[in-house]
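Architecture and fold: a report
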Amino acid sequence: MTLAVVIGAHGVAGEVRLKLFGEGLESLKAHKAFNGGALTLSKIRSDNKGGAIARFAEVADRSAAEKLRGTTLTVPRAVLPPLEEGEYYHADLIGLPAVTDAGEPVGTIVAVENYGATDLVEIEKPDGKRFLVPLIEAAVPEWNDERLVVSRDFAE
């Protein structure tokens, strides 16, 4: 599961700036090894902008930090906490087919975003056009590990 992505270097000592996914900084702090043990977290703090500044034991300087730009930080799904009823990991939704409440195909979930109010699923239609649907019961009455159902009123 992807928890963050390196978006650039920070300072000259090898720290990196991270864009966080999911539950943010606290969920990242729970892990020390990423990418199958290739990166070992030695220090992390908030950047006070919704992201984080991290130091990895394997990164000695700014040049090495710059080379990590675009690197996703992943952990095995098995090490993540169990989910409560109605909870989900964003990665569980991405790739799911979306259908209307009448069973008509709509497209595929390509992203999950949150701009402050609620999670939004981004659906790509077969023609390549994309649209957003809020993850609220009126718009998405149900989902499981096989499909996501979108109310016809919200399907474009």
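Just above, that's the structure.
What you see is a predicted model, and the numbers here were worked out from it, not measured in a lab.

Side note on the sheet that holds strand β3 (residues 33-34)
Taken in spatial order, the six strands make up an open sheet running β3-β4-β5-β2-β1-β6, and their pairing is antiparallel. Looking at the sheet topology across the chains shown, the edges are occupied by β3 and β6 (72-74). Relative to strand β2 (residues 15-20), strand β1 (residues 2-10) runs antiparallel, the two sharing six bridges. In the sheet register, Ala-4 faces β2, and the bridge partner there is Leu-20.

Looking at the sheet that holds strand β9 (residues 119-124)
Sheets are built from strands paired through backbone hydrogen bonds, the pairs being either parallel or antiparallel. Spatial ordering of the open sheet is given by β10-β9-β8-β7-β12-β11, a layout of six strands whose pairing is mixed. At either end of the open sheet lies a strand with only one pairing partner, and these are β10 (130-134) and β11 (142-143). Bridge analysis of β11 against strand β12 (residues 148-150) gives two bridges, and the strand direction is antiparallel. Note that in β12 the partner of Trp-143 across the bridge is Leu-148.

Regarding the nonpolar core
Ranked by internal contacts, the top residues of the largest apolar core, which has 23 residues, are Val-16, Leu-18, Leu-28, Phe-34, Ile-44 and Phe-56. At the level of elements, β1, β2, α1 (25-29), β4 (39-46) and β5 (52-56) are the ones that each hand at least two residues to this core. The element that contributes the greatest number of residues to this core is β1, accounting for four residues. Apart from residues lying up to four places away in sequence, Ile-44 is in contact with Leu-18, Leu-25, Leu-28, Lys-29, Ala-52, Ile-53 and Ala-54. Grouped together as the second largest cluster of nonpolar side chains are 15 residues, Val-112, Ile-123, Phe-131 and Val-150 included.

A short note on the packing of aromatic side chains
Taken as a whole, this structure holds two aromatic pairs when the rule is applied. Ring plane angle 85 degrees and centroid distance 6.4 Å describe the contact between Phe-34 and Phe-56, whose orientation is recorded as edge-to-face. In this pair, Phe-34 is assigned in strand β3 and Phe-56 in strand β5, connecting sequence segments 22 residues apart. Relative accessible area serves as the criterion here: at 0%, Phe-34 is assigned to the buried category. Taking the relative accessible area as the measure of exposure, Phe-56 reaches 1% and is therefore buried. Look at Tyr-88 and Trp-143: their rings are 5.3 Å apart centre to centre, the planes differ by 90 degrees, and that puts the pair in the edge-to-face class. Of this pair, Tyr-88 sits in the loop between β6 and α3 (90-93) while Trp-143 sits in strand β11, and the two are 55 residues apart along the sequence. The exposure class assigned to Trp-143 is partly exposed, which follows from its relative accessible area of 31%.

Considerations on the pattern of salt bridges
One pass over the structure, following the stated rule, counts 10 salt bridges. The salt bridge partner of Glu-26 is Lys-29, with a shortest N-O separation of 3.6 Å. Of this pair, Glu-26 and Lys-29 both sit in helix α1, three residues apart, which is roughly one turn of that helix. The class for Glu-26 is exposed, based on a relative accessible area of 56%. By relative accessible area, which is 36% here, Lys-29 ends up partly exposed. One connected set of salt bridges, linked through shared partners, spans Glu-15, Arg-45 and Arg-55.

Some thoughts on the side chain of Lys-125
Note that Lys-125 resides in the loop between β9 and β10. Buried and without a salt bridge, Lys-125 has Asp-127 as its closest oppositely charged side chain, separated by 4.7 Å. Setting aside residues up to four positions removed in sequence, Lys-125 forms contacts with Val-106, Gly-107, Phe-131 and Glu-156.

Each value, and the rule that gives it
- Residues numbered from 1 in each chain as written.
- Predicted model: local features only at pLDDT ≥ 70, side-chain atom pairs only at ≥ 80, totals over all residues.
- Heavy atoms only, no water.
- Pairing = 2+ DSSP bridges.
- Helix = DSSP H or I, 4+ residues; strand = E, 2+ residues; numbered from the N terminus.
- Core = buried A, V, L, I, M, F, W, Y, C linked by side-chain atoms within 4.5 Å.
- Buried < 20%, exposed > 50% of the residue type's maximum accessible area, 1.4 Å probe, protein only.
- Contact = heavy atoms within 4.5 Å.
- Phe/Tyr/Trp six-rings, centres within 6.5 Å; stacked < 30°, edge-to-face > 60°.
- Salt bridge = Lys/Arg side-chain N within 4 Å of Asp/Glu carboxyl O.
- Lys, Arg positive; Asp, Glu negative; His and termini not counted.

Purely geometric stuff here, so don't read any function into it on its own.
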